[in-house]
Amino acid sequence: MYESYKDGSILSLKLENFQTYKHIELFFHPSLNFIAGPNGSGKSSIANAIALIFCGNTSSIGKTKNISEYVNFNSMEAKIEVQIKRKDKIYFLKRVLKRDTKKTNFYINNVLKKENEYCEFVSGLGIDIDNLCMFLPQEKVSEFSSLSSEELLIHALNSQPDKSILATIDKLNSFKSEKVKLNSDILQVKKTKEGITEIVANLCKDAEKLKEKNILEEKIKNIRIKKKWLNYELISEEYKNIKSKITEYKKTIEEKEKEVNKIEEKIKEFNELKESKKLNEEKIQIKNMNNEIYQSLTLIKNQIKKTELLEIDKKGLENKKDNRKSELENLKNKIIETEKKISSIKIEEIRKNI
């Protein structure tokens, strides 16, 4: 019955509560199939169901980001079922979309599978929903048109079951990248060679400079030896001159020493004369001082006599002072007595006498 269908062909599609469809079942022709209808008739819903049953997601379709929005408004879950041929066997694939949990269950031949197991099975069918050459939704047309020719070729080859051409292209790309790398390596080697050539040229220049330097150093060495010899000759000549001058200086020193001795003798004589004169002057000064001292002593004696006389006068004055004091005391006593007498006389008697 299904001998005319190729491996990976969709035999039938069944939808329940999926988008606009409450229930629909489609059977496909083994070669080319067309789905036609007016806007809003559900063509895109069928395309979306095919994308989702073969491990597609919302980004593959390009409409909504929430998978639960593909569930019919009046239902809590949607089902997508397909019959597919693989290696002369018929497989039943089913995907159940949940509105409340926003999760999906995957089934192969009514056996619940993990998503990675399910998608691995789909990948074995050679179906890749994200390949725009296999599945091109309306929302992805602009993206498809922007692909380069190389990208289109890769997508087209990936959509074919025979992957040998892709392997060849990968090898060509690797060869191309290796060629680019080799070219860059060759350029690097050329640059390195140029750098080495430049270094060698610089080294040759440095060698020439070093050779010149060695020659100059040898010349400098010879000049220094000659200079030392010339210096020796000059020094020996100077030594002779200095030696002769030293002998002359010695003679001059001896003569000067003789002159100094003569001068010292004269100074000695002069000092002796000077000392004798000093002694005479000192004697005269001593005599003068003696006279002055004698005069001072006489003055002091006279002063002492005067002070003695003054002491005598002082004592006489003190005696007079004492006498005056006693006289004053007597007068005071008399005054006191008279005052007493006066006070003893009565005033009335005085008035009567008056």
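Above this note sits the structure.
Quick caveat: nothing in here was measured; it's all calculated off a predicted structure.

## Focus: the state of the cysteines
No. 1: In the structure shown here, the tally under the stated rule is one disulfide.
No. 2: Bridging cysteine 55 to cysteine 119, the disulfide has an S-S length of 2.3 Å. On the sign convention where negative is left-handed, the bridge of cysteine 55 and cysteine 119, at about -115° about the S-S bond, is left-handed. Of the two residues, cysteine 55 sits in the loop between helix H1 (43-53) and helix H2 (58-61) while cysteine 119 sits in helix H3 (residues 115-124), which places them 64 residues apart along the sequence.

## Focus: the packing of aromatic side chains
No. 1: With the rule as written, the count across this model stands at four aromatic pairs.
No. 2: With centroids separated by 5.9 Å and ring planes inclined at 10°, the aromatic side chains of phenylalanine 18 and tyrosine 70 adopt a geometry described as stacked. Of this pair, phenylalanine 18 sits in strand S1 (residues 10-18) while tyrosine 70 sits in the loop between H2 and strand S3 (77-86), and the two are 52 residues apart along the sequence. Each member of the pair, phenylalanine 18 together with tyrosine 70, is buried.
No. 3: Above the plane of the ring of tyrosine 107 lies lysine 94, whose end atom (NZ or CZ) is 4.7 Å from the centre.

## Observations concerning unusual backbone geometry
No. 1: With a phi angle near 55°, asparagine 17 is a residue other than glycine that sits in the positive phi range.
No. 2: Along the chain, asparagine 17 falls in strand S1.
No. 3: With a relative accessible area of 16%, asparagine 17 lands in the buried category.

## A short note on H3
No. 1: All buried positions along H3 are accounted for by Tyr118, Phe121 and Val122. Seen from one end, H3 has its buried residues packed into an arc of 100°, which puts them on one side. Within H3, the exposed residues directed more than 90 degrees away from the buried face are Asn116, Glu120 and Ser123.
No. 2: Of the surrounding elements, those touching the buried residues of H3 are H1, S3, strand S4 (89-98), strand S5 (104-108) and strand S6 (111-113).

## Considering the pattern of salt bridges
No. 1: Summed over the entire model, instances satisfying the criterion amount to three salt bridges.
No. 2: Of the charged contacts, one joins lysine 14 and glutamate 16 as a salt bridge, the two residues approaching to 3.9 Å between their closest N and O atoms.
No. 3: You can call lysine 14 partly exposed: its relative accessible area is 24%.
No. 4: Exposure remark for glutamate 16: the relative accessible area of 23% places this residue in the partly exposed category.
No. 5: Put simply, lysine 85 and aspartate 88 hold a salt bridge, and the shortest N to O gap is 3.9 Å.

## Points about H1
No. 1: Within H1, eight of the eleven residues are buried, leaving the element largely enclosed by the surrounding structure.
No. 2: Of the residues making up H1, those classed as buried are Ser45, Ile46, Asn48, Ala49, Ile50, Ala51, Leu52 and Ile53.
No. 3: Count one or two residues on from H1 and you reach cysteine 55, which has phi positive near 70°.

## Considerations on a negative patch on the surface
No. 1: Taken together, Glu264, Glu265, Glu269, Glu272 and Glu275 make up a surface patch of like negative charges.
No. 2: By relative accessible area, glutamate 264 is classed as partly exposed at 48%.

## A word on the environment of glycine 8
No. 1: Relative to the helices and strands, glycine 8 is located in the segment before S1.
No. 2: As a C-alpha pair, glycine 8 and leucine 147 span 139 residues in sequence and 26 Å in three-dimensional space.
No. 3: Apart from the residues within four sequence positions on either side, glycine 8 is in contact with Ile84, Lys85, Leu125 and Ile127.

## A few points about the nonpolar core
Within soluble globular proteins, side chains that are nonpolar generally end up buried alongside one another.
No. 1: With 32 residues, the main nonpolar core has Phe18, Phe54 and Leu93 as its most contacted residues.
No. 2: Mapped by element, the contributors of at least two residues to this core are S1, strand S2 (21-27), H1, S3, S4, S5 and H3.
No. 3: Among the elements that take part in this core, H1 stands out by supplying six residues, more than any other.
No. 4: The residues contacting phenylalanine 54, other than those within four sequence positions of it, are Ile10, Val82, Ile84, Leu93, Val122, Leu125, Ile127 and Ile129.

## As for a nonpolar patch on the surface
No. 1: A cluster of nonpolar side chains, contributed by Met289, Ile293, Leu297 and Ile300, occupies part of the molecular surface with about 380 Å² of accessible area.
No. 2: Following the sequence through the fold, isoleucine 300 ends up in helix H6 (residues 164-344).

## Topic: the sheet that holds S3
No. 1: Read across the sheet, six strands follow the order S2-S1-S3-S4-S5-S6 without closing on themselves; strand pairing throughout is antiparallel. Of all the strands in the sheet, the pair left with one neighbour each is S2 and S6. Ignoring which end each strand starts from, the neighbouring axes of this sheet average 20° apart.
No. 2: Bridging between S1 and S2 involves six bridges; their strand directions are antiparallel. Within S2, the residue paired with serine 12 across the bridge is phenylalanine 27.

## Observations regarding the pairing of S4
No. 1: Both S3 and S4 contribute to a ladder of ten bridges, which runs antiparallel. Opposite glutamine 83, over in S4, you have phenylalanine 92 as the bridge partner.
No. 2: As judged from the five bridges shared by S4 and S5, these two strands associate in the antiparallel manner. Each bridged residue has a counterpart across the sheet, and for lysine 94 the counterpart in S5 is tyrosine 107.
No. 3: Between S4 and S5, which follow one another and run antiparallel, lie five residues, and lysine 102 among them has a positive phi close to 55°.

Definitions and cut-offs
- Residues numbered from 1 in each chain as written.
- Predicted model: local features only at pLDDT ≥ 70, side-chain atom pairs only at ≥ 80, totals over all residues.
- Heavy atoms only, no water.
- Disulfide = S-S within 2.5 Å.
- Helix = DSSP H or I, 4+ residues; strand = E, 2+ residues; numbered from the N terminus.
- Phe/Tyr/Trp six-rings, centres within 6.5 Å; stacked < 30°, edge-to-face > 60°.
- Buried < 20%, exposed > 50% of the residue type's maximum accessible area, 1.4 Å probe, protein only.
- Lys NZ or Arg CZ within 6 Å of the ring centre and 35° of its normal.
- Arc of directions from axis to C-beta.
- Contact = heavy atoms within 4.5 Å.
- Salt bridge = Lys/Arg side-chain N within 4 Å of Asp/Glu carboxyl O.
- Patch = residues over 30% accessible without salt bridge, like charges linked within 9 Å, V, L, I, M, F, W, Y side chains within 5 Å.
- Areas by Shrake-Rupley, 256 points an atom, 1.4 Å probe, with all protein chains shown as cover.
- Lys, Arg positive; Asp, Glu negative; His and termini not counted.
- Charge placed at Lys NZ, Arg CZ, Asp CG, Glu CD.
- Core = buried A, V, L, I, M, F, W, Y, C linked by side-chain atoms within 4.5 Å.
- Pairing = 2+ DSSP bridges.
- Axes fitted to C-alpha atoms, helices over the stretch in contact; angles between N-to-C directions.

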